[in-house]
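Each chain, letter by letter, is given below.
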Amino acid sequence: MIEVGIAFLVFFVLLAVSVPVAFSILTATVVGLLLIGDFPLQIVAQTAFSPSTDFMLLAIPFFILTGDLLAGGKLGQRAIGLATRVIGRFRGGLGHASIATSLAFSGVSGSAVADASGLGNVLIPWTKREGYPAPFAAAVNSSTSIIGVILPPSIPLILYASVSGASVAALFIAGIVPGILLALAYVVVCWWVAWRKDYPRKKVKLSWSGVLKDIVVITPAILLPIILIRVVLFGGIATVTEVAVLAALYAVLVRLVIYRDLTLRMLTKSLVNTAAATGVVMLLIMVSSSLSWLLTVEEVPPKLATFFLDNVSSAVLILLIMNVIMLVVGAFLDMSPAILLLTPVLLPLAAGIGLDPIHLGIIVVLNLAIGLFTPPVGTTLYISTSIAGIKIERTVVALVPFYLAALAVLALVTYVPALIITP
């Protein structure tokens, strides 16, 4: 245990001096192995290579490609225009429109970062032009982007499944209610902030012919999660990887045949973006696998579980401790490495209090998703602030009610198991 403690100290020191996360994990693993002295360093390469052969992880690049293809072009602009015309007239309507757009695209991207950057480049300037302050626009974008990692298809849920052995389809179903609850909580926050600060309303003439035209345009993209994920995957017709491939092919065909706005240059750019994003995720998966192996060999997860179960008698308190740990870790680590590092540690503890692995998966992803818009390392926070062109401190202040809403939903998801639908 002492050797593992030193390894984690090395890891956090390297993070503090801005060493990339993957290399910090790798260095910490090597240090831990050298201190233990019972294993050759070749074990690092062997354990790192092992997860790269997991067929299920092929779903990640195809879902990333799908989101990149469908979020661009005419579709994104039409979806935003439709949301503006329908709900932009209400108090906080532009914030609601951002939430609705994030919900629409959550079924095709599975990545909060993709939603924050892709949609943010359109939503934030548009919200500012309509008279809303930049901090509010950045706050809405950075917080609503995490809806996409809770609703299916979610790349973080796929990562959790790869570590825990849980069913991807079951996790996707379990994420539906929490994702909708989070969106509704944000709607309430947007209304309250807009009412308290008297933000302007978008006065747009509601043309039913225009609304119907926009609905027809975006319907092919909206049908994607309904047909491929909720019917094909949940119906047991195809695996998550096969569904991801079908989704990518569907996105290409929709852009070529229906929208007719996909050029060879756009496709090449999407493929390059997908390759870069996949490379980052896979490197984290591989090095985290080596560190997880080290933790398993040293029996860290069962020892921690035994410690907490012996010293904390209440399951309510254990759940609270788990949430606090994940919120703190999520504030300093990105989602992928945090999931890969925390899941092996939390599984024995969850088993000790009778917490279902599917329920645990939703709690883990929701906790770490909140970290995406929490300083000091919030990815969607920095992306949204950069697009808005303001200081991060101003966005954080505007995010306070969104933090409270997200924590309220987290408490409900944690302590009300009935909200987690399982097949």
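Residues numbered from 1 in each chain as written. Predicted model: local features only at pLDDT ≥ 70, side-chain atom pairs only at ≥ 80, totals over all residues. Heavy atoms only, no water.

Looking at the overall build of the chain
- Tallying secondary structure elements over the chain gives 21 helices and zero strands in all.
- Buried residues in the chain amount to 52% of all 423 residues.
- Within the chain, contacts between residues at least 6 apart in sequence are counted, and of these 80% link residues at least 24 apart. (Helix = DSSP H or I, 4+ residues; strand = E, 2+ residues; numbered from the N terminus. Buried < 20%, exposed > 50% of the residue type's maximum accessible area, 1.4 Å probe, protein only. Contact = heavy atoms within 4.5 Å.)

Details of helix α18 (residues 335–352)
- With 18 residues, α18 ought to run about 26 Å at 1.5 Å a step, and its terminal C-alpha atoms sit 25 Å apart, in line with that.
- In the structure, α18 departs most strongly from a straight axis at T343, where the bend amounts to approximately 40 degrees and where the proline P344 lies between one and four residues downstream.
- Most of α18 is tucked away: 14 of the 18 residues are buried.
- The first or second residue beyond α18 is G354, which carries a positive phi of 75 degrees. (Expected span 1.5 Å × (residues − 1). Bend = angle between axes of the 7 residues up to and from the residue.)

Some remarks on helix α10 (residues 155–164)
- Among the 10 residues in α10, seven count as buried, and that is most of the element.
- Listed as buried for α10 are I155, P156, L157, I158, L159, Y160 and A161.
- Positioned one or two residues after α10, G165 has a phi angle of 85 degrees, which is positive.

Structural notes on the environment of T296
- Here T296 is to be found in helix α15 (residues 264–297).
- Given a relative accessible area of 51%, T296 falls into the exposed group.
- Through-space distance from the C-alpha of T296 to that of P344 is 8.1 Å; in sequence the pair is 48 residues apart.

Considering the nonpolar core
- Judged by nonpolar contacts, the single largest core of 105 residues is most densely connected at I60, I158, L182, Y186, M322, F373 and F402.
- With 10 residues, the single largest contributor to this core is helix α19 (residues 357–370).
- Within the second largest apolar cluster, nine residues are counted, among which are L69, V217, A251 and Y259. (Core = buried A, V, L, I, M, F, W, Y, C linked by side-chain atoms within 4.5 Å.)

Thoughts on the environment of I362
- Positionally, I362 belongs in helix α19.
- When its relative accessible area of 2% is taken as the criterion, I362 is described as buried.
- The spacing of I362 and I150 is 212 residues in sequence and 7.5 Å in space, taken between C-alpha atoms.
- Sequence-distant contacts of I362, that is, excluding residues within four places in its chain, are made with L157, L171, A174, G175, P178, V413 and I420.

Regarding a nonpolar patch on the surface
- A cluster of nonpolar side chains, namely V316, L317, L320, V324, V328, F332, L412, Y415 and V416, defines an oily patch on the protein surface of about 760 Å² accessible area.
- Elements represented by at least two residues in the nonpolar patch include exactly α17 (315–332) and α21 (392–415).
- Mapped onto the elements, L317 comes out in helix α17.
- Residue classification places L317 among the partly exposed positions, given a relative accessible area of 45%. (Patch = residues over 30% accessible without salt bridge, like charges linked within 9 Å, V, L, I, M, F, W, Y side chains within 5 Å. Areas by Shrake-Rupley, 256 points an atom, 1.4 Å probe, with all protein chains shown as cover. Salt bridge = Lys/Arg side-chain N within 4 Å of Asp/Glu carboxyl O.)

Brief notes about the side chain of N367
- With respect to the helices and strands, the residue N367 is situated in helix α19.
- The contacts of N367, once residues within four sequence positions are left out, are N323, M326, L327 and L410.

What to know about the side chain of T380
- With respect to the element layout, T380 can be found in helix α20 (residues 379–388).
- Only 3.0 Å separates the side chain of T380 from the backbone oxygen of L372, close enough to count as a polar contact. (Polar contact = N/O pair within 3.5 Å; in protein donor to acceptor, adjacent residues only side chain to side chain.)

Focus: the environment of T239
- One can find T239 in the loop between α13 (208–233) and α14 (240–259).
- Residue T239 is classed as partly exposed on the basis of its relative accessible area of 38%.
- Separated by 180 residues in the primary sequence, T239 and A59 place their C-alpha atoms 9.4 Å from one another.

As for the packing of helix α2 (residues 21–36) against α15
- Their axes nearest at 9 Å, the elements α2 and α15 cross at an angle of 25 degrees. If you check the angle between α2 and α15, you find them roughly parallel. Judged by the twist between their axes, the crossing of α2 over α15 is left-handed. Along the contact surface, α2 presents V21, A22, I25, L26, T29, G32, L33 and I36, while α15 presents L283, L284, V287, S288, S290, L291, W293 and L294.
- Among the residues forming the contact of α2 with α15, the class breakdown is 12 nonpolar, four polar and no charged. (Axes fitted to C-alpha atoms, helices over the stretch in contact; angles between N-to-C directions. Parallel < 35°, antiparallel > 145°, perpendicular 65-115°, else oblique. Left-handed = near helix turned anticlockwise from the far one by under 90°. Nonpolar A, V, L, I, M, F, W, Y, C, P; charged D, E, K, R; others polar.)

Just geometry here; none of it tells us what the structure is for.
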